[in-house]
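As a plain string of letters, each chain reads:
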Amino acid sequence: MADAADGGTHLSGSVLIIGTGLLGTSIGLGLRARDLDVVLSDLSPSTEAVARDIGAGRLLRSVEAAFAPSLVVVAAPPDVTASLAAAALKDWPDAVVVDIASVKSAVLTDLRSSGADLSRYVGTHPMAGREKSGPVAARAELFNGMPWVICAPEEATPNAVRRAEAMAYDLGAVVSRMSAEDHDASVALTSHLPQVMASLVASRLQETPSQSLALSGNGLRDVTRIAASDPNLWVQILSGNAGRLVPILHGVREDLNRLIRTLEDPVADGARLDMAQLIAEGNVGQARIPGKHGGPAQSFVSFTVLVDDTPGQIARLLTEIGEIGVNLEDLRLEHSSGRQVGRAEISVLPGRVNDLVSELSARGWKVVQ
């Protein structure tokens with residue numbers, strides 16, 4: 001199947017989206033941008049009205065009696081996904097039904113137990129989101145370049161799988177296939193564990209004095225960014241995938257106990273070696289995270305540019321990097337506490353760093369290496 005970047009549209013017919021939160025509304029906006037007919041439904045009249053008003057589609061309660069979608073997307077919380085998918089399979093006998101819940105095995109098990117027609121069902125999971133929730137936070141571009149996992153049951157027809165993939169392609173996602181079990185095991189480590197660890201770290205800050213928090217840098221912000229996520233949603237996700245997450249947490253507990261024992265006597269023989277080994281093990285794991293565009297991890301060289309905290313400075317810096325002809329691999333911004341200056345950490349390929357630093361310095365930028 002062609003990539004979505006070719007500008008073509010792979011889906012056809014009407015799409016019904018059940019659930020108009022962040023992801024459901026973003027799907028609606030993305031499909032409407034390709035001129036597809038999108039119909040919205042949500043238990044909350046105000047939520048679906050907001051989704052309609054921002055252009056994600058028209059409302060199910062206002063469509064013609066003969067309306068028959070070719071695709072139904074269940075974009076509801078995980079604890080009601082299976083029941084809504086089963087109802088959709090019954091109510092729309094000619095439609096393919098997909099869900100986008102972040103846990104797949106539990107949904108599939110419940111659907112099988114219900115006796116639903118799984119030949120027209122495909123479980124999917126777009127690996128995209130924001131810390132904000134609700135239709136107001138939705139973006140048509142939310143899925144561009146992001147992984148979208150297709151977890152088709154063995155009963156699903158090839159046509160059903162193609163239709164599920166067509167939606168992901170039309171939204172600009174990068175499609176991959178996995179079994180529901182493999183998916184849940186993977187996200188337990190790559191998604192659910194980071195959420196738990198971020199929340200645990202952030203919880204330590206509840207009683208921290210303000211003067212201490214004023215020392216926060218990008219390290220703390222990076223680690224705790226996803227701690228702002230919706231607690232109600234994560235209760236359902238963690239409950240639905242607890243069996244895969246618990247063994248990983250047991251491993252983390254062993255590592256923490258090991259570190260605690262070492263730090264209780266940090267000058268003992270072997271203590272410093274153990275600390276170094278623990279950090280080195282993290283280096284190895286971090287290096288395995290896929291790099292840019294999902295390819296192999298690459299080593300970039302970083303340096304910092306001091307930027308006045310005034311309008312237009314970051315835009316000017318990025319423009320001049322483009323004029324110099326160097327591809328920016330990563331950019332991190334940090335504001336200095338109590339000073340009207342920011343720090344832009346620039347990452348580029350090793351072979352381009354000297355030329356870029358030299359040229360930026362010649363143009364008057366303050367570069368710190």
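Residues numbered from 1 in each chain as written. Predicted model: local features only at pLDDT ≥ 70, side-chain atom pairs only at ≥ 80, totals over all residues. Heavy atoms only, no water.

## With respect to the pairing of strand 6 (residues 121–126)
Burial of strand 6 is extensive: six of the six residues sit out of reach of the surface. Residues Tyr 121, Gly 123 and His 125 line one face of strand 6 and the alternating positions Val 122, Thr 124 and Pro 126 line the opposite face, and both faces are buried. Pairing analysis gives three bridges linking strand 5 (residues 96–99) to strand 6, with the strands arranged parallel. Residue Val 98 lies in a different strand from strand 6, and its bridge partner there is Val 122. (Buried < 20%, exposed > 50% of the residue type's maximum accessible area, 1.4 Å probe, protein only. Helix = DSSP H or I, 4+ residues; strand = E, 2+ residues; numbered from the N terminus. Pairing = 2+ DSSP bridges.)

## Re the nonpolar core
Within the largest apolar cluster, 38 residues are counted, with the highest numbers of intra-cluster contacts made by Ile 27, Leu 31, Val 73, Trp 148 and Met 167. Put simply, the parts of the chain that give this core at least two residues each are strand 1 (15–18), helix 1 (22–32), strand 2 (38–41), strand 4 (71–74), strand 5, strand 7 (147–151) and helix 5 (158–170). Sort the elements by how many residues they give to this core and helix 5 lands first, with seven residues. Those residues in contact with Ile 27, other than ones at most four positions away along the chain, are Ile 17, Val 73, Ile 100, Phe 143, Trp 148, Met 167 and Leu 171. Within the second largest apolar cluster, 23 residues are counted, among which are Leu 16, Leu 89, Trp 92 and Tyr 121. (Core = buried A, V, L, I, M, F, W, Y, C linked by side-chain atoms within 4.5 Å. Contact = heavy atoms within 4.5 Å.)

## Things to note about the environment of Ala 101
Here Ala 101 is to be found in the loop between strand 5 and helix 4 (105–114). Here Ala 101 falls in the buried class, since its relative accessible area comes to 4%. Spatially, the C-alpha atom of Ala 101 lies 16 Å from that of Met 146, the residues being 45 residues apart in sequence. Beyond its immediate chain neighbours, meaning those up to four positions away, Ala 101 contacts Pro 78, Thr 81, Val 107, Thr 124 and His 125.

## With respect to the packing of helix 12 (residues 313–324) against helix 13 (residues 353–362)
Taken N-terminus to C-terminus, the directions of helix 12 and helix 13 make an angle of 125 degrees; their axes are 11 Å apart at the nearest point. The orientation of helix 12 relative to helix 13 falls into the category oblique. Considering only the axes of helix 12 and helix 13, their crossing is right-handed. Packed against helix 12, whose contacting residues are Leu 317, Ile 321 and Ile 324, the element helix 13 presents Leu 356, Glu 359 and Leu 360 at the interface. (Axes fitted to C-alpha atoms, helices over the stretch in contact; angles between N-to-C directions. Parallel < 35°, antiparallel > 145°, perpendicular 65-115°, else oblique. Left-handed = near helix turned anticlockwise from the far one by under 90°.)

## Some words on the side chain of Arg 120
Mapped onto the elements, Arg 120 comes out in the loop between helix 4 and strand 6. A distance of 3.3 Å separates the side chain of Arg 120 from the backbone oxygen of Pro 93, its partner in a polar contact. (Polar contact = N/O pair within 3.5 Å; in protein donor to acceptor, adjacent residues only side chain to side chain.)

## Here's the deal with the sheet that holds strand 6
A sheet is described by the order of its strands in space; here eight strands give the open sequence 3-2-1-4-5-6-7-8, paired in mixed fashion. Both edges of this open sheet fall to strand 3 (58–59) and strand 8 (174–177), since each of them pairs with a single strand only.

## Notes on helix 10 (residues 242–263)
Spanning 22 residues, helix 10 covers 30 Å between terminal C-alpha atoms, matching the ideal 32 Å at 1.5 Å per step. Of all the positions in helix 10, only Leu 245, Ile 248, Val 252, Arg 258 and Thr 262 are classed as buried. All buried residues of helix 10 lie within an arc of 140 degrees about the axis, which places them on one face of the element. What points out from helix 10, more than 90 degrees from its buried face, is the exposed set Gly 243, Glu 254 and Arg 261. Looking at the packing, one finds that the buried side of helix 10 touches helix 6 (180–203), helix 9 (231–240) and helix 11 (271–287). (Expected span 1.5 Å × (residues − 1). Arc of directions from axis to C-beta.)

## Comments concerning the environment of Gly 55
Looking at where Gly 55 falls in the secondary structure, it is placed in the loop between helix 2 (45–53) and strand 3. Judged by relative accessible area, Gly 55 falls into the partly exposed class, the value being 36%. Measuring from C-alpha to C-alpha, the distance between Gly 55 and Arg 32 comes to 7.6 Å, with 23 residues separating the pair along the chain. For Gly 55, the residues in contact, after removing those within four places along its chain, are Leu 29 and Arg 32.

## Here's the deal with helix 1
The element helix 1 is largely enclosed, with a buried count of nine among its eleven residues. When we look at burial in helix 1, the residues that qualify are Leu 22, Gly 24, Thr 25, Ser 26, Ile 27, Gly 28, Leu 29, Gly 30 and Leu 31.

## Structural notes on the confidence of the model for the protein
Averaged over every residue, the pLDDT of the protein is 91; the share at 70 or more is 94%. Scored below 50 in pLDDT, residues 1–7 makes 13 contacts in the model with residues more than four places away or belonging to other chains. (pLDDT = per-residue confidence, 0-100.)

## Regarding the packing of aromatic side chains
What the rule picks out here adds up to two aromatic pairs. Geometrically, the ring pair formed by Phe 67 and Trp 92 is edge-to-face, given 5.7 Å between the ring centres and 75 degrees between the ring planes. Of the two residues, Phe 67 sits in the loop between strand 3 and strand 4 while Trp 92 sits in the loop between helix 3 (78–91) and strand 5, which places them 25 residues apart along the sequence. No difference in accessibility class separates Phe 67 from Trp 92, as the two residues are buried. Their ring planes at 50 degrees and their centres at 5.1 Å tell us that Phe 143 and Trp 148 sit as a pair that is tilted. Considered together, Phe 143 and Trp 148 belong to a single accessibility category, that of buried residues. (Phe/Tyr/Trp six-rings, centres within 6.5 Å; stacked < 30°, edge-to-face > 60°.)

## Considering the environment of Ser 179
Mapped onto the fold, Ser 179 is located in the loop between strand 8 and helix 6. Along the primary structure Ser 179 and Gly 123 are separated by 56 residues, whereas in three dimensions their C-alpha atoms are 9.5 Å apart. Within polar-contact distance, the side chain of Ser 179 engages the backbone nitrogen of Asp 182 at 3.0 Å.

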